[in-house]
Protein chains: 2
Amino acid sequence: MYYIGIDLGGTNVHAGLVDEKGKLLGQAEIPTPKGAEEVADAITQAARLTAAQAGVAMGDVQSAGLASAGSIDPENGMVLHAWNLGLDHVPLARMVSERLELPTLLENDANAAALGEFVAGAGRGYRSLAAVTLGTGVGCGAVLDSKLFTGFNYAGMEAGHMVIHRGGRPCTCGRRGCWEAYASATGLIRSVREAMERDPDSALWRFAPTLELVNGKTVFDAVEAGDKTAEGVLEGYLGDLACGIVNLINILQPEVLCIGGGISRQGEKLLRPLREVLDREEFTRDSPRRTRLCVAKLRGEAGIIGAALVPVYR
Amino acid sequence: MYYIGIDLGGTNVHAGLVDEKGKLLGQAEIPTPKGAEEVADAITQAARLTAAQAGVAMGDVQSAGLASAGSIDPENGMVLHAWNLGLDHVPLARMVSERLELPTLLENDANAAALGEFVAGAGRGYRSLAAVTLGTGVGCGAVLDSKLFTGFNYAGMEAGHMVIHRGGRPCTCGRRGCWEAYASATGLIRSVREAMERDPDSALWRFAPTLELVNGKTVFDAVEAGDKTAEGVLEGYLGDLACGIVNLINILQPEVLCIGGGISRQGEKLLRPLREVLDREEFTRDSPRRTRLCVAKLRGEAGIIGAALVPVYR
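Residues numbered from 1 in each chain as written. Chains lettered and ligands numbered in written order. Predicted model: local features only at pLDDT ≥ 70, side-chain atom pairs only at ≥ 80, totals over all residues.

Peer 1: I'd like a description of the overall build of chain A, backed by residues and values.
Peer 2: A tally of regular secondary structure across chain A gives ten helices and 13 strands. The C-alpha radius of gyration computed for chain A amounts to 20 Å, which stays within 12% of the reference 20 Å derived for 314 residues, consistent with globular compactness. For chain A, the C-alpha atoms occupy an extent of roughly 60 × 45 × 35 Å along the three principal directions. Taking all 314 residues of chain A together, the buried fraction comes to 54%. (Helix = DSSP H or I, 4+ residues; strand = E, 2+ residues; numbered from the N terminus. Rg over C-alpha atoms; globule rule 2.2 N^0.38 Å. Buried ≥ 20, exposed ≤ 12 C-beta atoms within 10 Å, placed from the backbone.)

Peer 1: Tell me what's going on with the sheet that holds strand β8 (residues 104-108) of chain B, and back it up with residues and numbers.
Peer 2: All names here are of chain B. With respect to topology, five strands assemble into an open sheet ordered β3-β2-β1-β4-β8, the strand pairing being mixed. With one partner strand each, in any of the chains shown, β3 (24-31) and β8 form the two edges of the open sheet. Mean inter-strand twist for the sheet, computed between neighbouring axes without regard to direction, equals 20°. In terms of strand pairing, strand β2 (residues 12-19) meets β3 through seven bridges, oriented antiparallel. Residue pairing across strands places Val-18 opposite Leu-24, the latter belonging to β3. Across the sheet, helix α2 (residues 92-100) is in contact with β4 (61-68) and β8; its angle to β8 comes to roughly 145°. Set on the sheet, helix α3 (residues 109-120) makes contact with β1 (2-8), β4 and β8; between it and β8 the angle comes to about 100°. (Pairing = 2+ DSSP bridges. Axes fitted to C-alpha atoms, helices over the stretch in contact; angles between N-to-C directions. Contact = placed C-beta atoms within 7 Å.)

Peer 1: Any details on the domain arrangement of chain A? Residues and values, ideally.
Peer 2: Residue and element names in this part refer to chain A. Here chain A is described as being made up of domain 1 (2-117 + 301-313) and domain 2 (125-295). Domain 1 puts twelve residues into the contact, and the matching count from domain 2 is 15 residues. Secondary structure elements with two or more residues in the side of domain 1 that touches domain 2: α3 (109-120) and α10 (301-313). The biggest single contributor to the side of domain 1 that touches domain 2 is α3, with seven residues. The residue makeup of the side of domain 1 that touches domain 2, split by class, is eight nonpolar, one polar and three charged. (Domains from an automatic or database assignment. Nonpolar A, V, L, I, M, F, W, Y, C, P; charged D, E, K, R; others polar.)

Peer 1: So, the relation of the copies chain A and chain B: which residues are in play, and what are the values?
Peer 2: By a simple turn and slide, chain A fits onto chain B: the slide is 0.0 Å along the axis, the RMSD is 0.0 Å, and the turn is 180°. Put plainly, the chains are arranged around a two-fold axis. Closest approach to the rotation axis among the C-alpha atoms of chain A is made by Ile164(A), whose C-alpha sits 2.1 Å away. Both copies share a contact surface, since 100% of the interface residues of chain A are interface residues in chain B too. (Least-squares fit on C-alpha atoms with pLDDT ≥ 70 in both.)

In structure tokens:
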């Protein structure tokens, strides 16, 4: 059985062909054009390229899955708004389905990434997984009881928009104090910049000579160099990140919780302090069966592998 | 098909016999004794009484389900600690199963109540429900895709222990700022008492002449009487309650979310201000398909009905 997955990004359309175990047999990437028809055509082209590259006839492909950022309606296969792609209420799943002559489903990128990790990454061999991706926002997805969890209206797992600091930082969603406003890479960068403005002597300035140059790695580098201000920022960041993770574990108790995104490349530097909080605060801290915390295993491929398998696991 | 459900409380053992639709055909209640063997005997006696009362032979009963408060291990049917019942690591499901000669499962009371509401109460006819019970704590349970959701280790849905105020009030679980510390009846009573101590002229003192007499209704009565201090307390309480509800909806997107416990008897006085927050803050506030917020329909029966059907829906 073969499945095609497409990760629709602002820069590239990334397609992959996988088997039922999520093994990636072929990949293709082409630049993302502007406009609905053009995007559908590009997806179709990338899908055919990846099948050709894998040496698989399109007639042997079962289905296609699309993963997209932006505001989408997975139930009806609609991209509601994706301004950077020039898409506004586009029935993308139907348009691609007609072109490829394959059943085609649309899913949000965080859910697709979670499914990819479940099948072929950190969740392989387990029955449930929550995936947390630290990027511009905090993207979350979950597979529960070996099924992609979406909520009744396909809008679930927006755990980034769980308030942990009532009345705190404004969030893009309109609430205040959301986990995402603190634990995303964007949230961390904001905290680093605030600390740099308060402390002109901090070593943070050595790693980011201007505020614009701060990235998700800056604070880790400055802590490595022994900077106290950076240590304070990192401690606050890890506390907020851990707080939301404990909340999620207390609610979902997934077998595995994996963390992805650029910050997750810090590996044990990130996981060790998080585990200390989990050991102290998890409701199940004394239980023999606890959620396994780890970093995501797949990088750019989680989205295409997960997208490809949405028709199997939704 | 007949099922027996038992709600094991500190005061009474409450048993019921239901059909597969959760219709209650018989009930019996006997005082809870102390000690493991005694409790198992009392459960057995209550189960047989309820079957006799319903006119159903024990041979026609499929299974039994036990709902218990305290610290339990549903997977192994063990009551780990229930000090008020004198139980410490008791394999209660096995003990009852041997006595009744029926397959017997143990579940925590919040999950059983959620299942009862799903089958025979506020969730009837829907495919998913989250139940939030405002009592000593905030008890939560969920049925997702018509299956009782428990997490991989049967310890999920401890949403009361989701931090919403980082660094806030200490919680019984060891964290600070948990939803339960604010949104439970206990949390509300604490806030009312604090306000009364600050304001000796508040009308709250008319409805509760001493701090010990404050209950979950006091603040609603004083608001009704036009007391400004009470209004402030209620506004804070509803804000905290709504905050956790929006968090839960953003994560789980259940078709129905019902609120139970004494405070839920306030009905629209409780729901109207909560809906205002949901309309403003839910991630899906502009979506046509949103979670339906309502009060729980079953009172004391949710636990026995849900307990009875755990063997069907787990």
